[in-house]
Amino acid sequence: MKQNKQWGSKLIIALALIFFYLPIIYVVIFSFNSSRSLSNFTGFSLQWYKKMFENRTMMESIYYSTAIALIATAVSTVVGTIAAIGLSKSNRVIKEYVTQANNLSMLNPDIVTAIGLMLFFSSLHVPFGFGTLLLAHIIFCIPYVMLSVSPKLRQLDDNIAEAALDLGCTPVQALTKVIIPQIKEAIVSGALIAFTMSFDDFVISYFVTGPGVNNISTYVYSSVKRINPSVNALSTIIILAITIVLVVMNVVPLVRERRRKKNEKMA
Amino acid sequence: MKGFRRLLYPYAVWVGAFIVVPMLLVMIYAFTTSGNSVLTFRLTLANFARFFSDSIFISVLWRSLKLAFITTVICIFLGYPVAYAISRLKPGSQAMMVLLVTIPMWINMLVRTYAWRGILLETNLSPEAKVYIGMVYNFLPFMILEIYTSLSKMDPNLLVAANDLGCDNRKAFLKVTLPLSVPGIISGITLVFLPAVSSFFIPKLLGGGSFVLVGNLIENYFVTTGDWNFGAAISLIMTIVVLLSMRLTKHFDYSQED
């Protein structure tokens with residue numbers, strides 16, 4: 001009976017994973033197709049990769065997505081962490097105002113945030129392009145960083161920072177030597193969320209970017225009107241890059257843990 | 001220590017400028033018509049009257065809500081067994097399966113949706129069916145992870161107790177496991193229903209333009225026709241409808257807890 005149940009569970013999980021990975025495998029296979037077809041595999045070729053590397057807009061979209069995600073992550077992590085520390089010490093009124101505004105940003109449908117920013121930039125006559133795109137990404141990433149850091153700050157013992165100040169630390173030292181080391185993990189996970197949100201975003205980017213500035217999402221959206229198998233090659237590269245990063249991130253701690261346990265056993 | 005509160009001040013200004021003001025702008029645009037300058041605008045309900053007097057707009061809104069609702073229901077019924085199955089595995093394999101469910105979510109949403117195009121291109125499915133597949137594909141992982149989280153927090157001794165007290169497995173599931181996983185289902189609903197109502201690239205990519213949702217309407221008025229006032233009014237109506245339906249779900253959550 002127990003055995004049966006295990007098999008049932010495994011079957012359900014297997015079916016779900018097939019559903020999740022089918023399109024991904026499909027894209028990878030058809031990126032090596034020798035014809036334009038998306039349904040008949042006619043033979044192996046690398047022509048779509050060659051076309052991709054020759055396509056300037058496509059290569060630029062990879063550059064823009066990566067650059068914006070990296071800069072937006074760096075800025076929003078720093079600003080978000082500082083703001084979250086300030087938030088944890090603030091009085092009720094300002095705390096409530098900032099928290100509600102952050103919630104508004106996170107819960108609002110993306111498209112509403114997007115048109116809000118579009119109307120905002122156009123009212124100020126800011127030219128749409130890299131600058132507006134980057135600023136928009138920073139704006140929507142910060143609340144997620146704060147959401148990740150704030151719960152950890154609430155658990156901190158205030159007395160430790162207080163003690164640091166009593167022992168002659170400047171406030172900046174108390175921040176960098178006492179508070180930040182204690183919330184390091186939450187900051188890292190906030191940064192990861194920010195990076196994914198930025199790299200994955202389509203809706204907000206679509207409304208605030210300008211002519212000639214496409215990230216991967218807006219490029220794919222604009223190029224689906226006609227069949228363009230180079231998009232398969234582009235997708236394959238992204239899938240490969242993300243899989244490598246995720247596997248390294250998840251396997252390295254496992255290996256480290258195993259090594260630590262081994263060392264403990266030997267000691 | 002109190003001095004640290006000053007760290008929030010710049011961000012409080014930032015939030016006002018970049019979150020509050022843009023939202024106010026959407027409202028101002030929704031309650032005005034084009035041709036008004038910022039200084040001399042006159043408030044009007046014309047945009048809303050136009051929306052509610054045209055049955056096409058109402059039917060598009062209704063279709064979006066229906067699509068989001070059915071997508072959410074499908075995600076619950078497909079996601080629950082998967083989450084439950086994962087929670088019954090050995091702890092090590094659980095972490096592995098969660099990772100495997102998470103990996104596709106890291107791949108750009110547009111790229112994932114594009115991937116389905118090739119598979120669905122030669123099938124005879126209706127545009128509507130294709131859109132549903134794309135929606136469920138994109139949102140199912142959120143539902144699985146939320147339900148799994150609430151199931152994995154459950155104390156297994158509760159089931160042993162239920163069995164000892166005379167519940168068979170089916171009854172123990174219905175009386176113990178399922179009620180305890182309701183918070184997971186609720187947060188899953190938030191993560192699926194909310195973005196599903198306003199999604200517009202999945203219908204465009206997979207439905208081929210013949211399946212118009214409220215998100216496509218907004219896009220159309222902002223990008224193609226340039227009637228920003230009407231577009232803003234549509235997004236305001238959508239936001240209000242979404243918030244009301246979320247209130248309803250939250251209410252259900254609280255009545256469960258009582």
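Since this is a predicted model, take the numbers as computed values, not measurements.

Rules and cut-offs
- Residues numbered from 1 in each chain as written.
- Chains lettered and ligands numbered in written order.
- Predicted model: local features only at pLDDT ≥ 70, side-chain atom pairs only at ≥ 80, totals over all residues.
- Heavy atoms only, no water.
- Helix = DSSP H or I, 4+ residues; strand = E, 2+ residues; numbered from the N terminus.
- Contact = heavy atoms within 4.5 Å.
- pLDDT = per-residue confidence, 0-100.
- Phe/Tyr/Trp six-rings, centres within 6.5 Å; stacked < 30°, edge-to-face > 60°.
- Buried < 20%, exposed > 50% of the residue type's maximum accessible area, 1.4 Å probe, protein only.
- Salt bridge = Lys/Arg side-chain N within 4 Å of Asp/Glu carboxyl O.
- Polar contact = N/O pair within 3.5 Å; in protein donor to acceptor, adjacent residues only side chain to side chain.

### Overview of the side chain of S235 of chain A
(1) Moving on: On the secondary structure map, S235 of chain A appears in helix α12 (residues 230–266).
(2) Moving on: For S235 of chain A, the contacting residues outside a window of four places in its chain are V27 of chain A together with V111 and Y114 of chain B.

### Some words on the confidence of the model for chain B
(1) Moving on: Confidence in the prediction for chain B averages 87 pLDDT; 94% of positions are at 70 or higher.
(2) Moving on: On the interface metric, ipTM, the complex scores 0.85, and its pTM is 0.87.

### Focus on the packing of aromatic side chains
(1) Moving on: The full count for this structure, using the stated rule, is 37 aromatic pairs over all chains.
(2) Moving on: Where F32 of chain A meets F44 of chain A, the ring centres are 5.3 Å apart and the plane angle is 15°; that geometry is what we call stacked. Residue F32 of chain A is located in the loop between α1 (2–30) and α2 (47–54), and its partner F44 of chain A is located in the loop between α1 and α2; the two are separated by twelve residues in the primary sequence.
(3) Moving on: Note on F44 of chain A: relative accessible area 61%, which makes it exposed.
(4) Moving on: Look at F57 of chain B and Y221 of chain B: their rings are 6.4 Å apart centre to centre, the planes differ by 65°, and that puts the pair in the edge-to-face class. Taken together, the positions of F57 of chain B in helix α3 (residues 55–87) and Y221 of chain B in helix α11 (residues 214–224) put the pair 164 residues apart, joining distant regions of the chain.

### Comments concerning the interface of chain B and chain A
(1) Moving on: Between chain B and chain A, the residue contacts involve 72 residues of the former and 84 residues of the latter.
(2) Moving on: The closest approach of N and O atoms between D200 of chain A and R112 of chain B, which form a salt bridge, is 4.0 Å.
(3) Moving on: At the junction of chain B with chain A, the criterion picks out twelve residue pairs in polar contact (both at pLDDT 80 or more).
(4) Moving on: Of all the elements, helix α1 (residues 9–30) of chain B adds the most residues to the side of chain B that touches chain A, at 16 residues.

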